[in-house]
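Analysis of the macromolecular model
One letter stands for each residue in the lines below.
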Amino acid sequence: MRIISGESGGIKLTYPEDENIRPTSSRAKEGIFSSIQFEIEGKTVLDLYAGSGALGIEALSRGAKNAVFIDKNDRAVKVIEENLKRANYYEKALVIKEDALSYLKKLYKTFDLVFIDPPYSKGILQKTLNLLEQNLNDNAYIFCELDKIDNEPETPEFLEKIKTYKYGKAKIIKYKKR
């Protein structure tokens, strides 16, 4: 797994060896970032259920201002921190070991770009989307990953569903704040 593009393009990232953590495929990552390639510069990023941190780190490589990474898994947090150091973005990042839903319930910061990649088939995605309303800047983008066989969540009123992409076993849903 590598950073695809930007100032750190080509740097190899690792991911936690844990059966509950699956990295976003390179193809899906390329699709996500191709769809917003001119809208990343200077943006603030939230990477929920971050796993390896690959999505947030890709955004930093492409010019995002800073990123917050949330994961409750000890191994994931350690790997995210190692990947940030490897890519020289540790100073632009905040890594928090906490359950994403608990974090969102007390969050007071706003973001321009949010990645949500929760464990598949657990019903967590809908809860996560519903908690985001107060934490999005105008015109913020949200990307959600889910299993291709899972039903898509209901779109909250504060979001507009832009498109659903399919990559292998995963679906990526792109939203924009209304």
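The shown structure was predicted, so the numbers you read here are calculated from the model rather than taken from an experiment. (Residues numbered from 1 in each chain as written. Predicted model: local features only at pLDDT ≥ 70, side-chain atom pairs only at ≥ 80, totals over all residues. Heavy atoms only, no water.)

What about the nonpolar core?
Of all hydrophobic cores here, the largest spans 30 residues; its most connected members are Phe-69 and Phe-115. When residues of this core are traced back to their parent elements, those giving at least two are α1 (26-35), α2 (54-61), β2 (66-71), α3 (74-86), β4 (111-116), β5 (136-147) and β6 (159-167). No other element matches the five residues that α2 contributes to this core. When sequence neighbours within four positions are dropped, the list of residues in contact with Phe-69 reads Asp-47, Ala-50, Gly-53, Gly-56, Ile-57, Leu-60, Ile-80, Leu-84, Ala-93, Leu-94, Val-95 and Ile-96. Counting 27 residues, the second largest nonpolar core, distinct from the first, contains Val-68, Leu-104, Leu-129 and Leu-132. (Core = buried A, V, L, I, M, F, W, Y, C linked by side-chain atoms within 4.5 Å. Buried < 20%, exposed > 50% of the residue type's maximum accessible area, 1.4 Å probe, protein only. Helix = DSSP H or I, 4+ residues; strand = E, 2+ residues; numbered from the N terminus. Contact = heavy atoms within 4.5 Å.)

Overview of the pairing of strand β3 (residues 93-97)
Sheet topology note: the β2/β3 ladder contains five bridges and is parallel. Paired with Val-68 across the two strands is Leu-94, which belongs to β3. This β-α-β element, β2 to α3 to β3, shows right-handed connectivity. (Pairing = 2+ DSSP bridges. Right-handed = clockwise from strand over helix to strand, strands pointing away.)

Side note on unusual backbone geometry
Residues other than glycine seldom take positive phi values, yet Asn-88 does so here, at roughly 65°. Within the element layout of this structure, Asn-88 appears in the loop between α3 and β3. Given the relative accessible area of 67%, Asn-88 is considered exposed. Residues other than glycine seldom take positive phi values, yet Asn-139 does so here, at roughly 65°. Assignment of secondary structure puts Asn-139 in strand β5.

A few points about the sheet that holds strand β7 (residues 170-177)
The sheet built from seven strands is open, its strands ordered β3-β2-β1-β4-β5-β7-β6 with mixed pairing. In this open sheet, the two edge strands, each paired with only one partner strand, are β3 and β6. Taking the axes of each pair of neighbouring strands and ignoring which way they run, one obtains an average angle of 15° across the sheet. Bridge count between strand β1 (residues 44-48) and β2: five bridges; the pairing is parallel. Paired with Val-45 across the bridge in β2 is Ala-67. (Axes fitted to C-alpha atoms, helices over the stretch in contact; angles between N-to-C directions.)

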